[in-house]
Amino acid sequence: MSQTMEDLAENQNQIMVAMNQFLVTFKKTGHERRTPDYVKRRLETLDAYWQEFQMNHVTLSGFKDESLEYFAKNRYQQTKEFYISTHEYIKQATTSSVLRPATPLAGTSVGVSVEQHTKDTADTEIKSLPAAPMFRSQGTNSKLDDWMKKQTSNFKAFSRAIRNINIDSIRERWEFQDTLKSLEARWSAIDSLHWELDGELDGKDQSYEDAYSAYETAFNCMKKKLNSKLCHATSIP
């Protein structure tokens, strides 16, 4: 399989994960913020994901390799159905307070509650953790610029920390406690600054909000995983 084909298949998977995370983030948005303008911008973002997915699909179809998981599991049809249901869900967001949730894409873990995460799910969340969002100057607010730069560094530090955790190599209770404490410290730096940023950004930087939600999910998954292992770890002599 050529590198170009591998890249396209991976891009499709990343778009699927991003679309799922997009839905999760939207569901967390308070009803008071779901104004017609906000919903319009969210639909435009969803449409952009789908258009990119379609263009990649056309190129991938030219390879005619039915052994590729993308084709074998009919990812295109799954994603199309997800796009349609999510599009309708968001369109109705300003007209109804009780909505039927869109169904998360099969094969992706975004959207599953923390209580349902298994070891494989936690690993998937960490592997699909996005890169720290590219810093974009806000132009007029130097304080906000400083906060965004600092948060980008926080994301990078957290990503490095969580990817370096090898639970299978940890045996002692103190090791689990130390690892958990270190991870919580990294997350605390992100979470504390997030609420300062949230007040300033007011939901206008969706790439940042999506990244925060993805990192939050990864943190919760790893924390649950560590606590579960901690219960069965060797006691400190």
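Predicted model, so just to flag it, every value in this text is computed and none were measured.

A. Expanded view of the nonpolar core. Within the largest apolar cluster, 25 residues are counted, with the highest numbers of intra-cluster contacts made by Phe 158, Leu 183, Trp 187, Leu 197, Met 222 and Leu 226. Secondary-structure elements contributing two or more residues to this core are helix H6 (142-163), helix H7 (173-201) and helix H8 (206-230). Not counting the four nearest positions on each side in its chain, Phe 158 is found in contact with Leu 183, Arg 186, Trp 187, Ile 190, Tyr 215 and Phe 219. Counting 23 residues, the second largest nonpolar core, distinct from the first, contains Leu 8, Met 19, Leu 60 and Ala 93.

B. Here's a closer look at the pattern of salt bridges. Tallied over the full model, the rule gives seven salt bridges. A salt bridge links Lys 28 to Glu 216, with the nearest nitrogen and oxygen atoms 3.2 Å apart. Linking Lys 28 in helix H1 (residues 3-28) with Glu 216 in helix H8, this pair joins segments that are 188 residues apart in sequence. The partly exposed category is assigned to Lys 28, whose relative accessible area is 47%. Judged by its relative accessible area of 23%, Glu 216 is partly exposed. The closest approach of N and O atoms between Asp 37 and Arg 41, which form a salt bridge, is 3.3 Å. Pair noted here: Asp 37 and Arg 41 are both in helix H2 (residues 36-61), with a separation of four residues, about one helical turn. Judged by relative accessible area, Asp 37 falls into the partly exposed class, the value being 46%. Residue Arg 41 is classed as partly exposed on the basis of its relative accessible area of 29%. Each of Glu 69, Lys 73 and Arg 75 takes part in a single network of salt bridges with overlapping partners.

C. Just the packing of H2 against helix H4 (residues 75-91), in detail. At a minimum axis distance of 10 Å, the contact between H2 and H4 shows a crossing angle of 170°. Between H2 and H4, the crossing angle belongs to the class labelled roughly antiparallel. In this structure, H2 contributes Val 39, Arg 42, Leu 43, Leu 46, Asp 47, Trp 50, Phe 53, Gln 54 and His 57 to the contact, and H4 contributes Arg 75, Tyr 76, Thr 79, Lys 80, Tyr 83, Thr 86, His 87, Ile 90 and Lys 91. Here the contact of H2 with H4 is built from residues that sort into eight nonpolar, five polar and five charged.

D. Representation of the side chain of Ser 159. Within the element layout of this structure, Ser 159 appears in helix H6. Separated by 3.1 Å, the side chains of Ser 159 and Arg 163 make a polar contact.

E. Inspection of the packing of H7 against H8 at higher detail. Remark: H7 packs on H8, axes separated minimally by 10 Å, with the N-to-C direction vectors making an angle of 160°. Classed by the angle they form, the pair H7 and H8 counts as roughly antiparallel. At the point where H7 passes H8, the crossing takes the left-handed sense. When the residues that make up the contact of H7 with H8 are grouped by side-chain class, the tally is 15 nonpolar, four polar and six charged.

Conventions used here
- Residues numbered from 1 in each chain as written.
- Predicted model: local features only at pLDDT ≥ 70, side-chain atom pairs only at ≥ 80, totals over all residues.
- Heavy atoms only, no water.
- Core = buried A, V, L, I, M, F, W, Y, C linked by side-chain atoms within 4.5 Å.
- Buried < 20%, exposed > 50% of the residue type's maximum accessible area, 1.4 Å probe, protein only.
- Helix = DSSP H or I, 4+ residues; strand = E, 2+ residues; numbered from the N terminus.
- Contact = heavy atoms within 4.5 Å.
- Salt bridge = Lys/Arg side-chain N within 4 Å of Asp/Glu carboxyl O.
- Axes fitted to C-alpha atoms, helices over the stretch in contact; angles between N-to-C directions.
- Parallel < 35°, antiparallel > 145°, perpendicular 65-115°, else oblique.
- Nonpolar A, V, L, I, M, F, W, Y, C, P; charged D, E, K, R; others polar.
- Polar contact = N/O pair within 3.5 Å; in protein donor to acceptor, adjacent residues only side chain to side chain.
- Left-handed = near helix turned anticlockwise from the far one by under 90°.

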